Amino acid sequence: MNPIVVTGSASGIGAATCEALRAAGKSIIGVDIRDADILADLSTPDGRQAAVADVLARCKGALDGLVCCAGLGPTVSPLSKIAAVNYFGATAFLEGLFEALIQGSESAAVVVSSNSISLVEETWRDSALFQAFMADDEALALQLADEVEMGQVVYGGSKFALTCRVRELAGTWGSAGVRLNAVAPGVVQTPLLQAGLDDPRFGQAIRNFVPPLGRRAEPAEIAELIGFLMSPRAGYMHGGVYFIDGGIDAQLRPQYF
Ligand SMILES: NC(=O)c1ccc[n+]([C@@H]2O[C@H](COP(=O)([O-])OP(=O)(O)OC[C@H]3O[C@@H](n4cnc5c(N)ncnc54)[C@H](O)[C@@H]3O)[C@@H](O)[C@H]2O)c1
């Protein structure tokens with residue numbers, strides 16, 4: 001059995017995912033800026049590169065799984081930091097660990113997106129920031145992110161671009177026998193959400209926004225879906241984007257799926 005890498009392992013959904021995977025008998029390499037097997041700052045190219053190298057050394061070149069969960073919420077400043085961690089922090093791991101996943105057994109990867117991708121306007125695809133993400137031009141993307149006025153635009157935009165990248169990779173990853181999916185949670189009770197609730201710019205809007213199921217999710221509920229997607233029971237699930245949001249997406253856009 002080869003290990004599974006979980007980024008953002010110290011808190012919230014990432015910590016709950018580690019717990020679920022460990023309970024299923026998996027061996028985990030946690031990556032985070034604090035309290036993790038590998039300490040790394042995924043907001044910088046050097047931090048990502050060192051973390052990927054450390055993972056490859058520890059797993060001896062073979063991994064059974066990868067969960068990209070590390071992320072920053074829309075309250076964080078500067079906004080370039082959100083773009084750096086949420087998009088480039090995840091794509092560096094997808095790229096850097098792909099060969100090791102090919103060497104693993106029944107390998108799978110899950111990227112944690114957000115249901116905020118459904119709020120991104122159609123015109124976003126024409127924006128310079130989206131083009132910079134998709135061109136992997138980090139210097140330009142970070143510069144453009146800092147010119148945006150609202151954190152939720154960079155947050156939703158970074159997750160939208162990351163989800164597009166997952167879909168783009170489905171061809172090559174599927175042919176190589178490595179499944180790759182995205183999950184798109186809604187409001188989950190974690191420190192990231194709490195920072196939004198405590199922020200006078202966002203708090204009331206988040207409180208007013210009640211999912212059809214009438215409550216926020218617990219991190220373990222998201223981890224349950226991630227654990228399933230990582231397991232051979234999900235052997236034909238590949239290239240998908242799975243909303244797990246208490247019905248928010250269905251309520252906001254019933255004719256899109
Ligand atoms: N909580 C929600 O409502 C919600 C909704 C949709 C999507 N998400 C996504 O779920 C993922 C997990 O978020 P969460 O809610 O569990 O938040 P969280 O704050 O509890 O966990 C995020 C983790 O990422 C780590 N991290 C942040 N910056 C980092 C960096 N520079 N380098 C390395 N690690 C770093 C943090 O230390 C933390 O452990 C994020 O990608 C987030 O965007 C959360």
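Computed from a predicted structure; not experimentally measured. (Residues numbered from 1 in each chain as written. Predicted model: local features only at pLDDT ≥ 70, side-chain atom pairs only at ≥ 80, totals over all residues.)

**Student:** Explain the overall build of the protein chain to me, please; I cannot follow it from the model alone.
**Tutor:** On a plain count of helices and strands, the protein chain comes out with ten helices and seven strands. For 257 residues, the compact-globule estimate of 2.2 N^0.38 gives 18 Å, and the protein chain sits close to it at 17 Å. Out of the 257 residues in the protein chain, the part that is buried amounts to 47%. Sequence-distant contacts, at least 24 apart, represent 78% of the contacts inside the protein chain between residues at least 6 apart. (Helix = DSSP H or I, 4+ residues; strand = E, 2+ residues; numbered from the N terminus. Rg over C-alpha atoms; globule rule 2.2 N^0.38 Å. Buried ≥ 20, exposed ≤ 12 C-beta atoms within 10 Å, placed from the backbone. Contact = placed C-beta atoms within 7 Å.)

**Student:** Help me understand the site of the ligand, please; the structure alone is not making it clear to me.
**Tutor:** Near the ligand, the surroundings consist of 27 residues, among which S11, G12, G71, T190 and L192 are the closest. For the shell around the ligand, the elements supplying multiple residues, two or more each, are α1 (12–23) and α7 (191–198). Residue composition of the shell around the ligand, by class: 16 nonpolar, eight polar and three charged. (Near = placed C-beta within 6 Å. Nonpolar A, V, L, I, M, F, W, Y, C, P; charged D, E, K, R; others polar.)

**Student:** Any chance you could explain the sheet that holds strand β6 (residues 179–185) here in plain terms?
**Tutor:** In a beta sheet, neighbouring strands are held together by backbone hydrogen bonds and run either parallel or antiparallel to one another. With respect to topology, seven strands assemble into an open sheet ordered β3-β2-β1-β4-β5-β6-β7, the strand pairing being parallel. Both outer strands of the open sheet, β3 (38–39) and β7 (241–244), are each paired with one neighbouring strand and no more. Bridge analysis of strand β5 (residues 108–112) against β6 gives five bridges, and the strand direction is parallel. What sits directly across from A108, in β6, is R179. (Pairing = 2+ DSSP bridges.)

**Student:** Would you take a moment to explain the pairing of strand β2 (residues 28–32) for this structure?
**Tutor:** Successive residues of a regular strand alternate their side chains across the two faces of the sheet. Of all five residues making up β2, four are buried, and the element is well covered by its neighbours. Taken together, strand β1 (residues 4–7), α1 and β2 form a β-α-β motif whose crossover is right-handed. In terms of strand pairing, β2 meets β3 through two bridges, oriented parallel. Paired with V31 across the strands is I38, a residue of β3. (Right-handed = clockwise from strand over helix to strand, strands pointing away.)

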